[in-house]
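This is what each chain is made of:
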Amino acid sequence: MTDDTIDPVEGAPENGAQPGSWSVRIIDLSGASEDEDDTVEVVKDFIDLMHANAYARAYVRDSIERCRTPGASSKEVLENWFAFGENAEVVDAGEDGWKSSTELEDFAATPATPMERDWRAIDPRRLVDDEEINGPPDDDDEDDDENRHEVIRH
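Definitions and cut-offs
- Residues numbered from 1 in each chain as written.
- Predicted model: local features only at pLDDT ≥ 70, side-chain atom pairs only at ≥ 80, totals over all residues.
- Heavy atoms only, no water.
- Helix = DSSP H or I, 4+ residues; strand = E, 2+ residues; numbered from the N terminus.
- Buried < 20%, exposed > 50% of the residue type's maximum accessible area, 1.4 Å probe, protein only.
- Contact = heavy atoms within 4.5 Å.
- Areas by Shrake-Rupley, 256 points an atom, 1.4 Å probe, with all protein chains shown as cover.
- Core = buried A, V, L, I, M, F, W, Y, C linked by side-chain atoms within 4.5 Å.
- Salt bridge = Lys/Arg side-chain N within 4 Å of Asp/Glu carboxyl O.

### Digging into the overall build of the protein
Across its full length, the protein holds 5 helices and 3 strands. Counting helices and strands in the order they occur from the N terminus, the protein gives β-β-α-α-β-α-α-α. The 154 residues of the protein split such that 31% are buried. A separation threshold of at least 6 residues defines the contact pool for the protein, and within that pool the share at least 24 residues apart is 63%. Accessible area of the protein: about 10,800 Å², with a carbon and sulfur share of 48%.

### As for the nonpolar core
Counting 25 residues, the largest nonpolar core has Val24, Tyr55 and Val90 as the members making the most contacts within it. For this core, the secondary structure elements donating two or more residues are strand 1 (22-28), strand 2 (39-46), helix 1 (49-67), helix 2 (74-84), strand 3 (86-90) and helix 3 (104-109). If one sorts the elements of this core by residue count, helix 1 sits on top with 9 residues. Ignoring any residue separated from it by four or fewer positions in sequence, one finds valine 90 in contact with Trp22, Ser23, Val24, Leu49, Ala52, Asn53, Ala56, Gly97 and Trp98.

### Section: the pattern of salt bridges
Enumeration over the complete set of coordinates arrives at 10 salt bridges. Among the ionic pairs, glutamate 79 bridges to lysine 75, the shortest N-O distance being 3.9 Å. Taken together, the residues glutamate 79 and lysine 75, both in helix 2 and 4 residues apart, mark about one turn of the helix. Connected via shared salt-bridge partners are Arg61, Glu65, Arg68 and Glu116.

Keep in mind that these numbers describe shape and distance, not what the molecule does.
Structure, rendered in structure tokens:
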């Protein structure tokens, strides 16, 4: 293999990005954003495309629910969302990225469960790995076991 040849990484995203490099763009639909493209923020470091897609879907689902008023028709819910809501799109995912347009009518017609709209639970900025909890592994690991606290994951 020459220096200019790249060895493919198993499980790498199709866009050529390394695992953990997917991003989701949050877009203000009201037009009140200072950016030209109405980007509110870009959330980075998703584990894989499936993680980024799930986050974008849950984020939009939550945004639609925040725009739902009591007794509103699905048409009114969508009108409110387009006027005041936020959209989410997976950056550089092409056809493999989740698109809100494919589910907007269903989202507006059927209120979401709390789990369907819980984008915070899968936000990569909140995910913690074992090294962050326990610190880097050391050679004298046996001595530290009795003093190490166990983290219980739900």
